[in-house]
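The chain contents come next:
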Amino acid sequence: MKQFTKFLSAITVLATIFSASTGYAKEKMNVLLLIADDLNTWALDNPGRYSSKIIAPNLDKLGQSGIVFQNAYCASPYCVPSRTSMWSGVSPHKSGVYHNQTKIAASEPLKSAVSLFKTFKNAGYYTAGYGKISHGWMDDGFDEKVSHKRDPRPACVPVQSVARGEQDWGIITLPESEMNDTQSANRAIAALGNKHDKPFFIVCGTFNPHMAWFVPQKYYDMFPLDEVIVPELNPKDFADIPPLADEIVTGKRKFTQSVLQAGLHKSAVQAYLATTAYVDAQHGRVLDALEKSGHKGNTIVIFISDHGFHLGEKDNWQKGTLWEEATNSMFMIRVPGMTKAGVKSKSCVSLQDIYPTLVDLCGIEKPAYVDGKSLTPILQNPESKWESSAFSYLNNQYASIRTERFRYTRYKQGQTELYDHSKDPNEWTNQVNNPEYASVVKELEARLPTIDKMAPQLVRGARSSKATKKKRRK
Ligand SMILES: [Ca+2]
């Protein structure tokens, strides 16, 4: 009996260390996580939308070496809620963190949440983070951390006639070597080169291509103005959207219109491409360092953007909407011994899935409260059956679900949108009142959390709704 028990435990140990079909060794895996801000997926999936050439060759190369999730969506299309939900594992509709202006300390679920990084640290990993990683909520968990700073603006700002605050662009006067994202990459490169006596989890986050778009001339030169393609805009697009959807872009419309009226659409897109190329170069240097480090064979590499970005589409010049441009996010991963090279997955996944996926891949117990689900089955077999859907939230009643074919968004009962991506990738035709789609609308509405189940918004500086109601009653 004793021998049989020994035999069983030996089998268990072997099964834990090696997945029989792939030879994947989860106990020994390092993690290199790279993240960019405001980077939309067109740079990779559809570079022809903005340019006729590859915009991000290093990210493209990483994508070719693993799996790219073309239908990956952020849980919320702003930095603070997107990053808070990814790193904490708590969905915005439970934490109440839907916006950058959030009183995060008031969120009950976040008080007891353990960050992804701390979970790895607690499991014996060396954790290091460089650059822009969290924004707002942070349950730190880094052995070494150097946060990001914004680059100093050129002395001549504003450069553009239409500039409004950080919405400006031009050539940076700082040498590339002194730019903050360059230095974050340098730190990650140095960390990869160090001797490690335990598995590592290294994170490098670039602030760019967040506005303002100030990068060296050479990146602008890569995209001559006459070769820049601007996205197609449809002036009739707004005729069929609900008033609350229109309201989201009301304040933002002014800047977009000023860019278009000043004839600067190409110039602005060029600046976004140039900044993206700069970001790609920095992450590319980190990826090259991994190649040279000797750790490539046992390091999971993941690249994400925290959400997307509109470049004039839907009259928007930012993120912060529940449409495709703002919610579709970059997400690619390479898992040695598990993922095949050059896979492009159409399965709808959420950035909320990163936490459960990484702990699963590394054999670490997932904290019970963590939302999302491990993508390991798709990583092992991209053809595997997957309940394909991803949710994005903008406040305590606005929620959107994306499936491989549809996007359904509810702003309130009676103010909804349905887009059929099989024939309308620009989301121009709201099909919600088309009887042909009645059953789809019903099914997708039933999958969204009802408004009464969504956590109240924790708006910074505002009284809680309970307190406000009490005051009103008095
Ligand atoms: Ca429309």
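Residues numbered from 1 in each chain as written. Predicted model: local features only at pLDDT ≥ 70, side-chain atom pairs only at ≥ 80, totals over all residues.

J.: For this particular structure, what's the right way to read the overall build of the protein chain?
T.: A tally of regular secondary structure across the protein chain gives 16 helices and 18 strands. Relative to a compact globule of 474 residues, whose C-alpha radius of gyration would be 23 Å, the protein chain shows 23 Å and is just as compact. Each principal axis of the C-alpha atoms in the protein chain carries an extent, and together these give about 75 × 55 × 50 Å. Relative to its 474 residues, the protein chain shows a buried fraction of 50%. Restricting to contacts in the protein chain with at least 6 residues of sequence separation, those with at least 24 account for 71%. (Helix = DSSP H or I, 4+ residues; strand = E, 2+ residues; numbered from the N terminus. Rg over C-alpha atoms; globule rule 2.2 N^0.38 Å. Buried ≥ 20, exposed ≤ 12 C-beta atoms within 10 Å, placed from the backbone. Contact = placed C-beta atoms within 7 Å.)

J.: For this particular structure, what's the right way to read the pairing of strand β16 (residues 399-402)?
T.: Here β16 shows two buried faces, one formed by Ala399 and Ile401 and the other by Ser400 and Arg402. Two successive antiparallel strands, strand β15 (residues 390-393) and β16, enclose a turn made up of five residues. Relative to strand β17 (residues 406-412), β16 runs antiparallel, the two sharing four bridges. If you follow Ala399 over to β17, its bridge partner there is Arg410. Count of turn residues in the β16/β17 antiparallel hairpin: three residues. (Pairing = 2+ DSSP bridges.)

J.: Could you clarify how one ought to interpret the packing of helix α8 (residues 180-193) against helix α11 (residues 265-293) in this entry?
T.: A packed helix pair is summarised by two numbers, namely the angle formed by the two axes and the spacing between the axes. Between α8 and α11, whose axes approach to 9 Å, the crossing angle comes to 10 degrees. In terms of orientation, α8 lies roughly parallel with respect to α11. Taken together, the residues of α11 that come into contact with α8 (itself represented by Asp181, Thr182, Ala185, Ala188, Ile189, Leu192 and Gly193) are Val279, Gln282, Arg285, Val286, Ala289, Leu290 and Ser293. Tallied by class, the residues present in the contact of α8 with α11 amount to eight nonpolar, four polar and two charged. (Axes fitted to C-alpha atoms, helices over the stretch in contact; angles between N-to-C directions. Parallel < 35°, antiparallel > 145°, perpendicular 65-115°, else oblique. Nonpolar A, V, L, I, M, F, W, Y, C, P; charged D, E, K, R; others polar.)

J.: Where do I start with the confidence of the model for the protein chain in this structure?
T.: Reading predicted coordinates in detail is not appropriate for stretches of low pLDDT. Here the protein chain shows a mean pLDDT of 90. Residues at 70 or above account for 92%. Segment residues 7-21: pLDDT under 50, and seven contacts once partners within four positions in sequence are set aside and those in other chains are kept. Here residues 462-474 is modelled with pLDDT under 50, and outside its nearest four sequence neighbours on either side it reaches two contacts, counting other chains as well. (pLDDT = per-residue confidence, 0-100.)

J.: Looking at this structure, how should I read the packing of helix α3 (residues 57-64) against α11?
T.: Relative to each other, α3 and α11 sit at 50 degrees, their axes nearing to 7 Å. By the angle between their axes, α3 is oblique relative to α11. Contact residues: Pro57, Asn58, Leu59 and Leu62 in α3; Asp280, Ala281, His283, Gly284 and Leu287 in α11. Broken down by class, the residue content of the contact of α3 with α11 amounts to five nonpolar, three polar and one charged.

J.: I keep staring at the sheet that holds strand β11 (residues 299-305) and nothing clicks. Help me out?
T.: Pairing in this open sheet of eight strands is mixed, and the strands run β7-β6-β9-β3-β11-β12-β4-β13 from one edge to the other. If you trace the sheet from one side to the other, it starts and ends with β7 (144-147) and β13 (343-345), each paired once. Taken over all neighbouring pairs, the strand axes of this sheet differ in orientation by 10 degrees on average, direction set aside. Sheet topology places strand β6 (residues 126-131) next to strand β9 (residues 200-206); six bridges connect them, and they run parallel.

J.: For this particular structure, what's the right way to read α3?
T.: Since the α-helix packs 3.6 residues into each turn, any two residues three or four apart lie on the same face. Every buried residue of α3 is accounted for by Asn58, Leu59, Leu62 and Gly63. On an axial view of α3, the arc spanned by its buried residues comes to 140 degrees, and they lie on one face. Looking at the buried residues of α3, the elements they touch are α2 (42-45), β4 (67-69), α11, β11 and β12 (331-334). (Arc of directions from axis to C-beta.)

J.: What exactly am I supposed to notice about the nonpolar core here?
T.: Residues Ala188, Ile202, Trp213, Leu273, Ala274 and Met332 are the most contacted members of the largest nonpolar core, which totals 131 residues. Setting aside residues no more than four positions away along its own chain, Ile202 makes contact with Leu32, Ala128, Ala188, Ala191 and Leu192. (Core = buried A, V, L, I, M, F, W, Y, C linked by C-beta atoms within 7 Å.)

J.: Help me understand the pairing of β9, please; the structure alone is not making it clear to me.
T.: Regular strands show a simple pattern: their side chains alternate between the two faces of the sheet. A large share of β9 lies buried, amounting to seven of its seven residues. Both strand β3 (residues 30-36) and β9 contribute to a ladder of six bridges, which runs parallel. Across the sheet, residue Ile35 finds its bridge partner in β9, namely Gly205.

J.: Any chance you could explain the sheet that holds strand β18 (residues 415-420) here in plain terms?
T.: Strand pairing within a sheet occurs via backbone hydrogen bonds; the two strands may be parallel or antiparallel. Spatial ordering of the open sheet is given by β15-β16-β17-β18, a layout of four strands whose pairing is antiparallel. Each of the sheet's edge strands pairs with one partner strand only, and the pair in question is β15 and β18. The average undirected angle you get between the axes of adjacent strands in this sheet is 15 degrees. As judged from the four bridges shared by β15 and β16, these two strands associate in the antiparallel manner. Bridging across to β16, Ser392 finds its partner in Ser400.

J.: Would you mind showing me how to read the environment of Ala190 here?
T.: If you trace the backbone, Ala190 turns up in helix α8. Residue classification places Ala190 among the exposed residues on the basis of 12 C-beta atoms within 10 Å. Residues Ala190 and Ile54, 136 residues apart in the sequence, show an inter-C-alpha distance of 28 Å.

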